[in-house]
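Letter by letter, the chains look like this.
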Amino acid sequence: MAEPDSISARLSLVIGRLNRRLATAPGGLSHGLLMSLASVAKRGPLRLAELAQLEQVSAPSMTRTVSELESRGLVVRGVDPHDGRAVQVAVTPTGLDAILRARAARAEVIADMLRGLDAPELDAIEAALPALERALELL
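Parameters and conventions
- Residues numbered from 1 in each chain as written.
- Predicted model: local features only at pLDDT ≥ 70, side-chain atom pairs only at ≥ 80, totals over all residues.
- Heavy atoms only, no water.
- Patch = residues over 30% accessible without salt bridge, like charges linked within 9 Å, V, L, I, M, F, W, Y side chains within 5 Å.
- Areas by Shrake-Rupley, 256 points an atom, 1.4 Å probe, with all protein chains shown as cover.
- Salt bridge = Lys/Arg side-chain N within 4 Å of Asp/Glu carboxyl O.
- Lys, Arg positive; Asp, Glu negative; His and termini not counted.
- Charge placed at Lys NZ, Arg CZ, Asp CG, Glu CD.
- Helix = DSSP H or I, 4+ residues; strand = E, 2+ residues; numbered from the N terminus.
- pLDDT = per-residue confidence, 0-100.
- Buried < 20%, exposed > 50% of the residue type's maximum accessible area, 1.4 Å probe, protein only.
- Pairing = 2+ DSSP bridges.

1. Remarks on a negative patch on the surface
So, step 1. A surface patch of like charges, here negative, comprises Asp118, Glu121, Asp123 and Glu126.
So, step 2. Its place among the elements puts Asp123 in helix 6 (residues 119-137).

This is how it looks when you write it as structure tokens:
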């Protein structure tokens, strides 16, 4: 049975290369913009500090990200109903559409890549998905 340390270097390399390929997918959103937008869409209106914590970035970095998303009409800022001094960010219908388009573009990049594999290779990747999904839940 393989040990986690023997798998980690190869998996890290594969994920890094896959991320570079996904970064070239059309859709107009960088990985950081898409992840932040998806977090707002999934978790509902969020304060900037909450979003920064979720995305594990600094507050100033998240402020720049949200400003970019806002300038594209993908999020709106509003007053926190629990604290009128605080600002919350919410996704717009345009933002939801942008998430769907970006995910579809990234899925197509992966589909193109998978089309070059044979059935046993595809079966192996499919069999690994539940373990990868579970590993992500543990983070």
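2. Some remarks on the confidence of the model for the protein
So, step 1. Taken as a whole, the protein shows an average pLDDT of 91; of its residues, 99% reach a score of 70 or greater.
So, step 2. At the low end of the mean pLDDT range in the protein sits helix 1 (residues 4-23), at 87; at the high end sits helix 4 (residues 59-71), at 95.

3. What about a nonpolar patch on the surface?
So, step 1. Side chains of Ile7, Leu11, Ile15, Ile125, Leu129 and Leu132 sit close together on the surface and give an oily, nonpolar patch of about 450 Å² of accessible area.
So, step 2. When contributions to the nonpolar patch are tallied by element, the ones reaching two or more residues are helix 1 and helix 6.
So, step 3. Tracing the backbone through its elements, the reader meets Ile15 in helix 1.
So, step 4. We classify Ile15 as partly exposed; its relative accessible area is 41%.

4. Quick notes on the pairing of strand 2 (residues 75-80)
So, step 1. Inspection of the sheet shows strand 2 paired to strand 3 (residues 83-91) by six bridges, in the antiparallel sense. Looking across to strand 3, one finds that Val79 is bridged to Val87.
So, step 2. Remark: two residues form the turn of the hairpin made by strand 2 and strand 3, two consecutive strands paired antiparallel.

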